[in-house]
Amino acid sequence: MIITSSLGGGKQGDPSLYVDLVDKKMGLLFDCGFNNFSVAQIKKIAFIFVSHTHVDHFIGFDIILRMSLDEPKSLVVYGPPGILQNVRGKLSGYTWNICYNLKLKITVVEIRNGKRISASYYSHRGFQEEDISEGETSSVLVETEDFKVEYAALDHMIPSFGYAFTEKDSYNVNKERLASLGFSPGPWLKELKERARNPLRPDEMIQVQGKWYPIQSLKEQLLEFKKGRKIAYVTDTIFDEITRKKIIQLVREADLFYCESCFLEKDRDKAKISHHLTAREAGILAREAQVKKLILFHISRRYQEIESSLEEARKEFAATE
Ligand SMILES: [Zn+2]
Ligand SMILES: [Zn+2]
């Protein structure tokens, strides 16, 4: 998969992270503060993962609602305790009597004490609450054949959820090998790549250009293993022994670790009072979780520049931007 990610509000604006699964024509959004995403990007959003609903993290939901209204699509919103009421509140803030020709379905999944409580809202029925259900959940909220998204409940005086997106491991075709062995590309390559993802029996065969071949041997000759990318998002949490362990477990070995750093160490007392991280703490988390790159965001506007935050984090973890 081609995956890109970008912050909608930059490093000091309202938090929102867009993860674009380019070839799947699908977008995942982590928080929805004010943002500068394009209409095309907003229309592609299939999942929204909300950390908590302080206004700077949720104000942009209305724009997503507005841009999605013309689409025959399904939008799933995950969030902490209270998210059902928050979305209900947004939807009941408007009058829907002329929307019966629209085809938007919004499903909200509230995670509360290890349970998932969900409800759906259909535009053509005026977004009344329907399909209410309840069940158990693990830390994995979404799992498809291409990716999974996990969460951890952190502590911002209220629960604030951190999230990790992980692409599934996959295989690429070595095109030179393919040509040198005399094979022509075709739909069989897609089947080979898919079947190679699962454990194989030695006698499993695949038909290529009219002949049968053992999948295991084609896998070894033609395919190259590609580790799935991991993008983690952590915001608005205190740094203590409990959250430290939870964050490290969630973001371990991420390729990109987006982490808030509202404050500098010199304002540590303010960070503690408001349950936020300092840049140094973000650096410590990145180092301990052995991520590849740390990207700071949600840097307080009290600071005229962001260089001091970057420098402070880099003392703990060099690959910070
Ligand atoms: Zn907050
Ligand atoms: Zn915030």
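In the block above lies the structure referred to throughout.
Residues numbered from 1 in each chain as written. Chains lettered and ligands numbered in written order. Predicted model: local features only at pLDDT ≥ 70, side-chain atom pairs only at ≥ 80, totals over all residues. Heavy atoms only, no water.

*Asks:* A description of the overall build of the protein should follow, citing residues and the corresponding values.
*Replies:* For the protein, the helix and strand inventory stands at 11 helices and 18 strands. Along the longest, intermediate and shortest principal axes, the C-alpha atoms of the protein span 70 × 55 × 35 Å. Here the protein holds 321 residues, and the buried ones make up 51% of them. For the protein, the computed accessible surface area is about 15300 Å², with 52% contributed by carbon and sulfur atoms. (Helix = DSSP H or I, 4+ residues; strand = E, 2+ residues; numbered from the N terminus. Buried < 20%, exposed > 50% of the residue type's maximum accessible area, 1.4 Å probe, protein only. Areas by Shrake-Rupley, 256 points an atom, 1.4 Å probe, with all protein chains shown as cover.)

*Asks:* How would you sum up the coordination of the zinc ion (ligand 2)? Please name residues and give values.
*Replies:* For the zinc ion (ligand 2), every protein donor is listed as Asp-56 (OD), His-57 (NE2), Asp-236 (OD) and His-298 (NE2), and the spread of their distances is 2.1 to 2.7 Å. Each of the 4 donor atoms bound to the zinc ion (ligand 2) contributes to angles spanning 86 to 155°, and the resulting shape is irregular. Mapping the donors of the zinc ion (ligand 2) onto the primary sequence gives the spacing D-H-x178-D-x61-H. Taken as a pair, the zinc ion (ligand 2) and the zinc ion (ligand 1) show a spacing of 3.5 Å, with Asp-236 coordinating each metal. In this pair, Asp-236 sits in the loop between strand E16 (230-234) and helix H8 (241-251) while His-298 sits in the loop between strand E18 (293-297) and helix H11 (307-314), placing the two residues 62 residues apart along the sequence. (Donors = N, O, S within 2.8 Å, 3.2 Å for Na, K, Ca; no water. Tetrahedral: all angles 85-135°; square planar, octahedral: opposite > 155°, others 65-115°.)

*Asks:* How would you summarise the coordination of the zinc ion (ligand 1) if you had to cite specific residues and measurements?
*Replies:* For the zinc ion (ligand 1), the full set of protein donor atoms is His-52 (NE2), His-54 (ND1), His-156 (NE2) and Asp-236 (OD), at a range of 2.2 to 2.3 Å. Geometry at the zinc ion (ligand 1) is irregular, judged from the 4 donor atoms that bind it and their angles of 89 to 176° at the metal.

*Asks:* Please set out the environment of Tyr-258 residue by residue, giving values where relevant.
*Replies:* Structurally, Tyr-258 is set in strand E17 (residues 256-260). A residue is classified by how much of its surface remains accessible, and Tyr-258, at 4% relative accessible area, is buried. Between the C-alpha atom of Tyr-258 and that of Arg-177, which follows or precedes it by 81 residues, the distance is 38 Å. When neighbours within four sequence positions are excluded, Tyr-258 is seen to be in contact with Ser-5, Ser-6, Leu-7, Leu-17, Ile-231, Ala-232, Tyr-233, Val-234, Ile-295 and Phe-297. (Contact = heavy atoms within 4.5 Å.)

*Asks:* Requested: an account of the sheet that holds strand E2 (residues 17-21), with residues and values cited.
*Replies:* Spatially, 8 strands are ordered E1-E2-E3-E4-E5-E6-E7-E8 in an open sheet, and the strand pairing comes out mixed. Each of the sheet's edge strands pairs with one partner strand only, and the pair in question is strand E1 (3-7) and strand E8 (129-136). Each strand axis lies, on average, 15° off the axis of its neighbour in the sheet, ignoring direction. When E2 meets strand E3 (residues 26-30), the two strands line up antiparallel, connected through 5 bridges. Residue Leu-17 lies in a different strand from E3, and its bridge partner there is Phe-30. Contacts between helix H3 (residues 61-68) and the sheet are confined to E3, strand E4 (45-49), strand E5 (74-79) and strand E6 (105-112), with E4 contributing the most and set at about 160° to the helix. Strands in contact with helix H4 (residues 83-91) are E5, E6, strand E7 (115-122) and E8; relative to E6, the strand with the most contacts, it is inclined by about 150°. (Pairing = 2+ DSSP bridges. Axes fitted to C-alpha atoms, helices over the stretch in contact; angles between N-to-C directions.)

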